[in-house]
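Understanding the architecture of this molecule
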Amino acid sequence: MNLLSLALGNLRHRPARSSLTVSAIALGIAAVVALTTIAWGFEASWQKANDARGTDLIVTRTGSQNAMPSPFVGAALLDQLAHYPHVQEVAGLLSEMLSIGEQSPPIFVFGWAYGSYLWDHLKLLQGRWPADRNEPVAVLGVLAAEMLHKSIGDRIELEGQTLQVIGIFQSSALVENGAVLITLDRAQSITDKPNKVNVLNIKMDKTATEADASFVKEQVSKTLPGFAAITSGELVSRNTVVKIAKAMSHVTILIATLVGALVVFNTMLMSINERTREIGVLQALGWPRSRIMYMIICESAMLALLGGLIGIAVGILLAIGLEHTELMRGKIDAIFSIPFCLAVLGLSVFLGVGGGIYPARMAARLSPAQALRHE
Amino acid sequence: MNRQVAPLLVIALLAGCGQSWATDSRETPPGLLEAVQQARYSDGFEVRLAITTVDAQKVRSPPIKIAVIGQASAERQRFLVRGISPEAVRNHYLVTAKNAAGPINAFEYGPDDEGHPISVDPFAGLFKTDFVIWDLFGTWWDWPRQTAEGLGEVNGRRCLWVRSRPAALLQIKEVVSCVDKEFALALSTKVYDSQNRLRRTIRVEKLIRKNSNAGLMAKKITIADERGAYSEIDVYGGDEQYQVESETFGVLERLLGKSN
């Protein structure tokens, strides 16, 4: 019998304790996986939306940290920005979370400058795009159409205004698939924010370099007090919701690590206490201390590995379940990657080894005579 | 300079125009009442609210959505309330104003009768909810008797209870507010009538940081009446720097011009 099968056998002899330990580790790991993938997914889906549009820089208020940057009058800034070198186009955007009808959960409503490049990346699946900047119509993301049970020709109500659904589109960004898209002018009218935008999107021309983008950033900071030009990644990372989601994920990792290590520590300590005579026999048979230590650490690592594998599976299912709840659908896109799962598994094994070291050392330090006398 | 402002409900809870404050032995901390006054001043703001009424049997009504545009200074406050949904309130308007020492004037008109507004009671609930126009003005901060009543806690936040009483007997006899000293924000406001009955309790249930990052504002408020029914008010949208146009309060100004 090799050492690994001996360790496995030891765990099997105490099924209740082993399964409780595995469950505790699995729960902690599941929480880590679910929260982290959702936090990253939330950040990535927003960045993906900005990247898909072809936006190179975003001009926003410097103080804005909320989910939606605070609105400002965009016209004067737009003219100034359009004259910077290598700026191909500047487009205003106004977005809000609004309920469609009386009882439905809020959904993203994007108002995009009519005829701007922002619309170019979308694939129209059915219907048509708005014919002019003031047409009282909406196009729905494919997921939004499904969630709202709306198709071409149906009507939706936004803040008391009735709009006809004239198109259904698909985007490479989940947040856009789950959104209602209207022209900027219509959005300003619906939300009573005449001439205002949340952000101005800048598209640089093809010859623009990073130095050109930096120049625009610098010029905005020098000439437009209270505003900043930032990349989509910077905008998303400044978002309070993203910050909170990430902070929660970090705290969960910390708590799960501590709890996991303590659970393994406790389990292995109790196990060694119960198996003192057994360890004494092994020592009397000539087992070196290092081998006894190795056996105990193997046991704790096995517990943690199994807990980690189950936790990753449960965490993925939990995140997928959350993605499909009515409130969150179309807003988050949990990200699962093999490197992340391997890292979590590594964390789990680390917990097992870390929690098992002290009990293993205790076991190895026992003298055979004392151990054999133990009742 | 356009000042950062607190949305309507914060203003409602914090409003005050008084220039002099008579105090007794339990004086309010220096600067607190001035801070409360300053917090509500605004060159223009807009908030959109969803009001859900829950009756004494806990039956919830469908939400009523309204938009409120306001301006407030030491000299004058004025508000425009627009019904958004459902259909019954859509494009029904209420315009109301109050000068520093004057009474509250309030008028209501529907989508088709802009020329024929009717005068309304500022103590009545708006669109059959517990949302009362009189509360918008926070008139009690203007009353001469303001006393500190000790520290309290509302939803886990420490605050100072302040009792406000008018000089003469009014329809409302007393208002007791618990003010968060750090943010000059009333977290709870109890309104008592001339018979000393508690008419309603306004509580800030949820706070969010202002876009300007200059403080906190109410995100969710409950207004409970004496029968156990209450209204939940959710601030779901708005603009802290709303541009008030000359026509925004055009109807109000014409009405006030006529009445003068």
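Residues numbered from 1 in each chain as written. Chains lettered and ligands numbered in written order. Predicted model: local features only at pLDDT ≥ 70, side-chain atom pairs only at ≥ 80, totals over all residues. Heavy atoms only, no water.

A closer look at helix H2 (residues 15-53) of chain A
The condition that has to hold: Only DSSP runs of H or I with at least four residues qualify as helices, and only runs of E with at least two residues qualify as strands; both kinds are numbered from the N terminus onward. In this analysis, the expected span of each helix is defined as 1.5 Å times one less than the number of residues it contains.
With 39 residues, H2 of chain A ought to run about 57 Å at 1.5 Å a step, and its terminal C-alpha atoms sit 55 Å apart, in line with that. Two residues or fewer after H2 of chain A comes Gly-54 of chain A, characterised by a positive phi angle close to 85 degrees.

A closer look at the packing of helix H11 (residues 289-323) of chain A against helix H12 (residues 338-365) of chain A
Residues and elements named next belong to chain A. Note the cut-off: Only C-alpha atoms enter the line fits that serve as axes; for helices the fit covers just the stretch in contact. Angles between N-to-C directions range over 0 to 180 degrees. Should an angle fall under 35 degrees it is called roughly parallel, over 145 degrees roughly antiparallel, and 65 to 115 degrees roughly perpendicular, with every other angle called oblique. Here a crossing is called left-handed whenever its near helix is offset anticlockwise from the far helix by less than a right angle, and right-handed whenever the offset is clockwise. Residue classes follow a fixed rule: Ala, Val, Leu, Ile, Met, Phe, Trp, Tyr, Cys and Pro count as nonpolar, while Asp, Glu, Lys and Arg count as charged, and any other residue, Gly among them, counts as polar.
Two elements in contact, H11 and H12, have axes separated by 7 Å at closest approach and are oriented at 150 degrees. As far as their axial angle goes, H12 and H11 are roughly antiparallel. Here the hand of the crossing between H11 and H12 comes out right-handed. Considered class by class, the residues forming the contact of H11 with H12 number 20 nonpolar, five polar and three charged.

A short note on a nonpolar patch on the surface
Our working definition: Patch members must show over 30% relative accessible area and no salt bridge, and they are joined within 9 Å when carrying like charges or within 5 Å when they are nonpolar side chains of Val, Leu, Ile, Met, Phe, Trp or Tyr. Using the Shrake-Rupley algorithm and a 1.4 Å probe, accessible areas are obtained, with residue cover drawn only from the displayed protein chains. Any carboxyl oxygen of Asp or Glu that lies within 4 Å of a side-chain nitrogen of Lys or Arg is treated as forming a salt bridge with it.
A contiguous nonpolar patch, built from Val-251, Ile-255 and Val-259 of chain A and spanning about 250 Å² of accessible area, is present on the exposed surface. Structurally, Val-251 of chain A is set in helix H9 (residues 240-274).

So, the state of the cysteines
Residues and elements named next belong to chain B. Operational definition: What counts as a disulfide here is a pair of cysteine sulfur atoms lying within 2.5 Å. A simple rule labels every residue: compare its accessible area, found with a 1.4 Å probe on the protein chains alone, to the largest value its type can have, and call it buried under 20%, exposed over 50%, or partly exposed in between.
According to the stated counting rule, one finds one disulfide over all chains in the structure shown. Between the sulfur of Cys-159 and that of Cys-178 lies a disulfide, 2.1 Å long from S to S. Between Cys-159 and Cys-178, the disulfide has an S-S torsion of 90 degrees and is therefore right-handed. Of this pair, Cys-159 sits in strand S8 (residues 157-165) while Cys-178 sits in strand S9 (residues 172-180), placing them 19 residues apart in sequence. Among the residues examined, Cys-159 registers a relative accessible area of 1% and is labelled buried.

Structural notes on the nonpolar core
To be explicit about the condition: Buried Ala, Val, Leu, Ile, Met, Phe, Trp, Tyr and Cys residues that are joined via side-chain atoms within 4.5 Å together make up what is termed a nonpolar core. Delimitation of the domains relies on an automatic or database domain assignment. Here a residue-residue contact requires only that any non-hydrogen atoms of the pair lie within 4.5 Å.
Grouped together as the largest cluster of nonpolar side chains are 74 residues, with contacts concentrated most on Leu-158 and Val-180 of chain A. Here the element with the most residues in this core is strand S3 (residues 87-98) of chain A; it accounts for six residues. Both domain 1 (3-46 + 242-372) and domain 2 (57-230) of chain A contribute no fewer than three residues apiece to this core. Ignoring any residue separated from it by four or fewer positions in sequence, one finds Leu-158 of chain A in contact with Leu-98, Ser-99, Ile-100, Val-109, Leu-163, Val-180, Ile-182 and Ile-190 of chain A. With 44 residues, the next largest nonpolar core counts Leu-33, Leu-126, Ala-184 and Ala-218 of chain B among its residues.

Considerations on the pattern of salt bridges
All chains considered together, the criterion is met by 27 salt bridges over all chains. A salt bridge links Glu-159 of chain A to Lys-65 of chain B, with the nearest nitrogen and oxygen atoms 3.3 Å apart. One end of the pair, Glu-159 of chain A, is in the loop between strand S7 (155-158) and strand S8 (161-170); the other, Lys-65 of chain B, is in strand S2 (residues 64-72), on a second chain. Here Glu-159 of chain A and Lys-65 of chain B have matching classes, each one buried. The partner of Asp-234 of chain B in a salt bridge is Lys-219 of chain B, and the shortest N-O contact between them spans 3.0 Å. Note that Asp-234 of chain B is positioned in strand S13 (residues 230-239) and Lys-219 of chain B in strand S12 (residues 216-225), a separation of 15 residues in sequence. Classification of Asp-234 of chain B as partly exposed rests on a relative accessible area of 28%. Sharing partners across several salt bridges, the network here consists of Glu-96, Glu-159 and Lys-193 of chain A together with Glu-46, Arg-48 and Lys-65 of chain B.

A closer look at the domain arrangement of chain A
Size of an interface: often given as the accessible area lost when the parts come together. Residue and element names in this part refer to chain A. Quick reminder of the rule: Contacts described as polar in this section are N or O atom pairs within 3.5 Å, which, within protein, must combine one atom able to donate a hydrogen with one able to accept it, while residues neighboring in sequence count only if both atoms come from side chains.
By domain assignment, chain A separates into domain 1 (3-46 + 242-372) and domain 2 (57-230). A C-alpha centroid distance of 45 Å is found between domain 1 and domain 2. Each partner contributes residues to the interface: domain 1 has ten residues there, and domain 2 has 14 residues. Joining domain 1 to domain 2, the criterion identifies zero residue pairs in polar contact (both at pLDDT 80 or more).

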